[in-house]
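# Residue-level structure breakdown
Read off the chains here:
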Amino acid sequence: MGSMFRSEEVALVQLFLPTAAAYTCVSRLGELGLVEFRDLNASVSAFQRRFVVDVRRCEELEKTFTFLQEEVRRAGLVLPPPKGRLPAPPPRDLLRIQEETERLAQELRDVRGNQQALRAQLHQLQLHAAVLRQGHEPQLAAAHTDGASERTPLLQAPGGPHQDLRVNFVAGAVEPHKAPALERLLWRACRGFLIASFRELEQPLEHPVTIGQKIRKITDCFHCHVFPFLQQEEARLGALQQLQQQSQELQEVLGETERFLSQVLGRVLQLLPPGQVQVHKMKAVYLALNQCSVSTTHKCLIAEAWCSVRDLPALQEALRDSSMEEGVSAVAHRIPCRDMPPTLIRTNRFTASFQGIVDAYGVGRYQEVNPAPYTIITFPFLFAVMFGDVGHGLLMFLFALAMVLAENRPAVKAAQNEIWQTFFRGRYLLLLMGLFSIYTGFIYNECFSRATSIFPSGWSVAAMANQSGWSDAFLAQHTMLTLDPNVTGVFLGPYPFGIDPIWSLAANHLSFLNSFKMKMSVILGVVHMAFGVVLGVFNHVHFGQRHRLLLETLPELTFLLGLFGYLVFLVIYKWLCVWAARAASAPSILIHFINMFLFSHSPSNRLLYPRQEVVQATLVVLALAMVPILLLGTPLHLLHRHRRRLRRRPADRQEENKAGLLDLPDASVNGWSSDEEKAGGLDDEEEAELVPSEVLMHQAIHTIEFCLGCVSNTASYLRLWALSLAHAQLSEVLWAMVMRIGLGLGREVGVAAVVLVPIFAAFAVMTVAILLVMEGLSAFLHALRLHWVEFQNKFYSGTGYKLSPFTFAATDD
Amino acid sequence: MTAHSFALPVIIFTTFWGLVGIAGPWFVPKGPNRGVIITMLVATAVCCYLFWLIAILAQLNPLFGPQLKNETIWYVRFLWE
């Protein structure tokens, strides 16, 4: 069997890495992704580990990288993805990368700073120029300032009739919303001797000389920009020209600065993507090296890692190659371990989704039977039992097929939408689900809720009508008439493939279908659960616990099959051997089953076969007898064996063992070591620690869970009936309420054709939204629950952990 | 309408799913996925055969017949038979 049957063998290896070659070796292992390092310095804090300085340097570099990335983003550029293979650089390269990065960052900071300063200066000049220009036309209300639209110039108007007074001018700019406040304050402070003119206001006011200082202080308070405003017009003109010249020069300098900035950004774009990948890998390597312990005497690092046994040769080769360059040799050898190794199951893109849904419940323990290969078929099958419809199944299959055929296209792989990604990752799952749904749809005889007559029906209406004298008058009087299978020629034989199409025309369609589907659910459930119990046999044999075969599997199977297997037998027996001739007095399986447990008898319910009561009583007694075997068998056996071992061992060794165990609480774990021994070699020490009460408790829980579970889980499988009924009814309602009305409208072909377009659109949208998406998700969920709970609790514990190898693969994506 | 035998479908489908589930595994080419493919074939055969079998057994000896509207009876009687 492929490696999906159970986990691959995983071994603990000890790596000896000479200090000179340690970095290269770990870097190579990261590229290959073969091993999972164990943290040997778990008790040491992160700040006390050996390579903490290097890790810190990498982190600082990463911070600089983030800053550079932010700058790039602010400039509106996009970082190109890194190209080619980029292995982790040797430690001496780190310095070079660090220097370059620091230099670039510094340059970028300087250039940005310059740019800001120049821009501020330019802004000031432009503001000044605008104010001066305003001064030329003080009375013009509609003058616009260019470039300083958020500021209103505040100027003094030279009063014509007051030329003989000495007038000082203070000109500046203030934000518009502060202007009224400023004016008010100035007016109050200067006691009215002030001409304050804004663009809008034009109130000439008086203004003497002495209060210039006050005005300056107030304007400072208001954060106005104050500019010198020369009295003479020619001087003003001169100042304006100078300003214009200055601002032009400044703009040229600004242009140069921005060109330099884009150059720097270009260098950043080249350096950043590979640099990020390399530093990330380097940091990962140092973090891995931090997990190794140091052997100071041998000048090398010792690492412990989990590695699949199949990959051991590749591991040794990789170590040999990478350490050869340094002239030293790194070795790896296998060491025995007491802890439970991680689970490794190799999957390809088809099996990955099925393994994924099993792992979502719990990753299997090391080397226990993996339910995934069976789930590949049983999950889509149980889904299809709940979803069965040819049309819907075909739609689902085609959708999945489209995704599968397009799976290698880069556009599809790069899509970011999470919901699409979820569907895409499950494309093989959907493919199988659709395929099985088509099959069950044919068996249920439903295609968009319509039945198809592939073969002619096995029921003859004509025979019934002729034999019962159903004339036209008779038919007109009676709206509903039933075909009686007792009448000769009415029932001509079972439909060869699926449900007879006559049932879709019948009013008592559901009576028949419910009975069929409930019985089908119970049969499928008992078979599925029995299969689960049988899978447990492989676990018991592999872990060397053959006593459990006799003391657990056999009682479990007897209990399950004795009670619910017998129910299945009753169902099939009634199908085969109870004829329509005595249909009125047909035995009720339900009442027989109830009476079986109550040891009672219903006189009106005739027996299915002679001596039925004796058989039933025997089965119940047998099943009940299995319960104490299940409860006490394994604990008593384990205790007996434990006592035998203790007796065989000399007393003093027993003392030693007990003392040794006190120091290592881990060695005496009940969960892993005492119940399930690894085949072929475990110390006796581990078994010595056997607590009777714990074993009994564990077994009691298991027994109760199994026995009560049998009943509740069998009933749980009735959801197969419930959901398929819901799907069929929804489908039927949609057809009746939408399409049938559309098809029935209008007798002329033209009217019907036009009306059908929107009606079909509504039908299609609702089919996809309600029946495919909603019902599909619902059936998916319930099929998943049936697997996770009813099937897997018969044999699967799911308390392991996955092998997550040390790899850079995530960064390369 | 038409007489259907029981034995013929049973023989046909048992043979078909028997070929898929029992003979099929012998023809799976050797490769890393051989085990998984064999499991899939056997599981498919068992599930599909069982499902079909349940459907035909349930209809083998019906205890009651379909209850039809009078229009349906008229239509089926005169237009189909």
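Reading the values: rules and limits
Residues numbered from 1 in each chain as written. Chains lettered and ligands numbered in written order. Predicted model: local features only at pLDDT ≥ 70, side-chain atom pairs only at ≥ 80, totals over all residues. Heavy atoms only, no water. Helix = DSSP H or I, 4+ residues; strand = E, 2+ residues; numbered from the N terminus. Rg over C-alpha atoms; globule rule 2.2 N^0.38 Å. Buried < 20%, exposed > 50% of the residue type's maximum accessible area, 1.4 Å probe, protein only. Contact = heavy atoms within 4.5 Å. Areas by Shrake-Rupley, 256 points an atom, 1.4 Å probe, with all protein chains shown as cover. UniProt positions renumbered as here; feature names shortened; annotations may be inferred. Salt bridge = Lys/Arg side-chain N within 4 Å of Asp/Glu carboxyl O. Polar contact = N/O pair within 3.5 Å; in protein donor to acceptor, adjacent residues only side chain to side chain. Nonpolar A, V, L, I, M, F, W, Y, C, P; charged D, E, K, R; others polar. Pairing = 2+ DSSP bridges. Arc of directions from axis to C-beta. Phe/Tyr/Trp six-rings, centres within 6.5 Å; stacked < 30°, edge-to-face > 60°. Lys NZ or Arg CZ within 6 Å of the ring centre and 35° of its normal. Expected span 1.5 Å × (residues − 1). Core = buried A, V, L, I, M, F, W, Y, C linked by side-chain atoms within 4.5 Å. Axes fitted to C-alpha atoms, helices over the stretch in contact; angles between N-to-C directions. Parallel < 35°, antiparallel > 145°, perpendicular 65-115°, else oblique. Patch = residues over 30% accessible without salt bridge, like charges linked within 9 Å, V, L, I, M, F, W, Y side chains within 5 Å.

## Overview of the overall build of chain B
Looking only at helices and strands, one finds three helices and one strand in chain B. Relative to the 2.2 N^0.38 estimate, which gives 12 Å for 81 residues, the radius of gyration of chain B is 20 Å and therefore markedly larger than a compact globule would have. Dimensions along the principal axes, computed over C-alpha positions, put chain B at roughly 60 × 25 × 20 Å. Each of the 81 residues in chain B was classed as buried or not, and the buried ones make up 44%. A fraction of 57% describes how many contacts in chain B between residues 6 or more apart in sequence connect residues 24 or more apart. Summed over all atoms, the accessible surface of chain B reaches about 4,300 Å², with 76% contributed by carbon and sulfur.

## Here's the deal with unusual backbone geometry
All names here are of chain A. Phi at Ser 449 takes a positive value of approximately 70°, unusual for a residue other than glycine. The topology assignment puts Ser 449 in the loop between α13 (427–444) and α14 (461–468). Even without a glycine there, the phi angle at Phe 599 is positive, about 55°. Examined against the element boundaries, Phe 599 turns out to sit in the loop between α18 (589–598) and α19 (612–648).

## So, the UniProt feature "transmembrane region" (unreviewed entry) in chain A
UniProt's feature table lists "transmembrane region" (unreviewed entry) at residues 381–406, 427–444, 495–513, 520–538, 558–576, 583–602, 614–639 and 749–774 of chain A, given in the numbering used throughout. End C-alpha atoms of residues 749–774 of chain A are separated by 35 Å, and the span's content is 100% helix alongside 0% strand.

## A word on the UniProt feature "glycosylation site" in chain B
Mapped onto the present numbering, the UniProt feature "glycosylation site" falls on Asn 70 of chain B. Among all residues touching Asn 70 of chain B, those that are not within four sequence positions of it are Leu 475, Ala 476, His 478 and Thr 479 of chain A.

## Brief notes about the interface of chain A and chain B
With 72 residues of chain A at the contact, the number on the chain B side is 46 residues. Here chain A is connected to chain B by zero salt bridges. Seen at the junction of chain A and chain B, the total is 20 residue pairs in polar contact (both at pLDDT 80 or more). Within the residue set of the side of chain A that touches chain B, elements represented by two or more residues are α9 (372–387), α13, α14, α15 (472–477), β9 (480–482), α16 (509–542) and α17 (547–577) of chain A. Residues belonging to the side of chain A that touches chain B are distributed by class as follows: 53 nonpolar, 16 polar and three charged. The sheet contact formed by β9 of chain A and strand β1 (residues 67–69) of chain B spans three bridges and is antiparallel. When the bridges of β1 of chain B are listed, Leu 481 of chain A appears paired with Leu 68 of chain B.

## Thoughts on the UniProt feature "transmembrane region" in chain B
Residue and element names in this part refer to chain B. As annotated by UniProt and renumbered to match this structure, "transmembrane region" occupies residues 8–28 and 36–56. Annotated as residues 8–28, this span is 76% helix and 0% strand, and its ends, taken at the C-alpha atoms, are 29 Å apart. For residues 36–56, helix accounts for 100% and strand for 0%, while the C-alpha atoms at its two ends are 30 Å apart.

## Comments concerning the environment of Leu 272 of chain A
All names here are of chain A. Turning to its location among the elements, Leu 272 is positioned in helix α6 (residues 233–290). Relative accessible area serves as the criterion here: at 0%, Leu 272 is assigned to the buried category. Each C-alpha atom of the pair Leu 272 and Ser 731 lies 57 Å from the other, and the pair is 459 residues apart in sequence.

## What to know about helix α3 (residues 70–80) of chain B
Among the residues of α3 of chain B, those classed as buried are Asn 70, Thr 72, Ile 73, Val 76 and Arg 77 of chain B. Down the axis of α3 of chain B, the smallest arc covering the buried residues is 160°, so these residues share one side. With respect to the buried face of α3 of chain B, the exposed residues turned more than 90 degrees away are Glu 71 and Leu 79 of chain B. Looking at the buried side of α3 of chain B, the elements it contacts are α14, α15 and β9 of chain A together with β1 of chain B.

## Focus on the packing of aromatic side chains
All names here are of chain A. Here the structure, examined in full by the defined rule, presents 42 aromatic pairs over all chains. Cluster of aromatic residues (ring-pair linked, three or more members): Tyr 361, Tyr 374, Phe 531, Trp 788, Phe 791, Phe 795 and Tyr 796. The positively charged end of Arg 109 is found above the aromatic ring belonging to Phe 67, 4.9 Å away from the centroid. Sitting over the ring of Phe 424, Arg 427 keeps its end group 4.3 Å from the ring centre.

## Considerations on the pattern of salt bridges
All names here are of chain A. Within this structure, the stated rule accounts for 25 salt bridges over all chains. Where Asp 93 meets Arg 96, a salt bridge forms, and the shortest distance between an N and an O atom there is 3.8 Å. Of this pair, Asp 93 and Arg 96 both sit in helix α3 (residues 91–136), three residues apart, roughly one helical turn. For Asp 93, a relative accessible area of 24% translates into the label partly exposed.

## Points about the pairing of strand β7 (residues 300–308) of chain A
Residue and element names in this part refer to chain A. Counting buried positions over the nine residues of β7 gives nine, a clear majority of the element. Where burial is concerned, the two faces of β7 agree: the one with Cys 300, Ile 302, Glu 304, Trp 306 and Ser 308 and the one with Leu 301, Ala 303, Ala 305 and Cys 307 are both buried. Bridging between strand β1 (residues 10–18) and β7 involves nine bridges; their strand directions are antiparallel. Residue pairing in the sheet places Pro 18 in a bridge with Cys 300 of β7. Pairing of strand β2 (residues 35–38) with β7 involves four bridges; the strand directions are antiparallel. Each bridged residue has a counterpart across the sheet, and for Arg 38 the counterpart in β7 is Glu 304. Two strands pair when backbone bridges link them, and strand β6 (residues 293–295) and β7 are joined in this way by three bridges, in the antiparallel orientation. In the strand pairing of β7, Ser 295 is matched with Cys 300.

## Points about helix α2 (residues 52–74) of chain A
One turn of the α-helix equals 3.6 residues, which is why residues spaced by three or four share an orientation. All names here are of chain A. Over its 23 residues, α2 runs 33 Å from end to end, which matches the ideal 33 Å to within 8%, given 1.5 Å per residue. Taken as a whole, α2 has its buried residues at Val 52, Asp 54, Val 55, Cys 58, Leu 61, Thr 64, Phe 65, Leu 68, Glu 71 and Val 72. Remark: Gly 76 follows α2 within two positions and exhibits a positive phi of approximately 85°.

## Side note on the nonpolar core
Phe 516 of chain A together with Phe 51 of chain B are the most contacted members of the largest nonpolar core, which has 120 residues in total. Excluding residues within four positions of it along the chain, Phe 516 of chain A makes contact with Tyr 444 and Ile 499 of chain A together with Ile 54, Ala 55 and Ala 58 of chain B. Among the nonpolar cores identified, the runner-up in size contains 51 residues, and Phe 51, Leu 61, Leu 289 and Leu 319 of chain A belong to it.

## Side note on the packing of α17 of chain A against helix α2 (residues 34–58) of chain B
Where α17 of chain A contacts α2 of chain B, the two axes come as close as 9 Å, and the packing angle between them is 45°. Here α17 of chain A lies oblique to α2 of chain B, going by the angle between them. On the side of α17 of chain A, the interface is formed by Ile 572, Trp 575 and Leu 576 of chain A, while α2 of chain B contributes Ile 54, Leu 57 and Ala 58 of chain B. Classifying every residue of the contact of α17 of chain A with α2 of chain B gives six nonpolar, no polar and no charged.

## Details of a nonpolar patch on the surface
Nonpolar side chains collect at one region of the surface, where Leu 505 of chain A together with Trp 74, Tyr 75, Phe 78, Leu 79 and Trp 80 of chain B lie side by side and expose about 640 Å² of accessible area between them. The partly exposed category is assigned to Trp 80 of chain B, whose relative accessible area is 46%.

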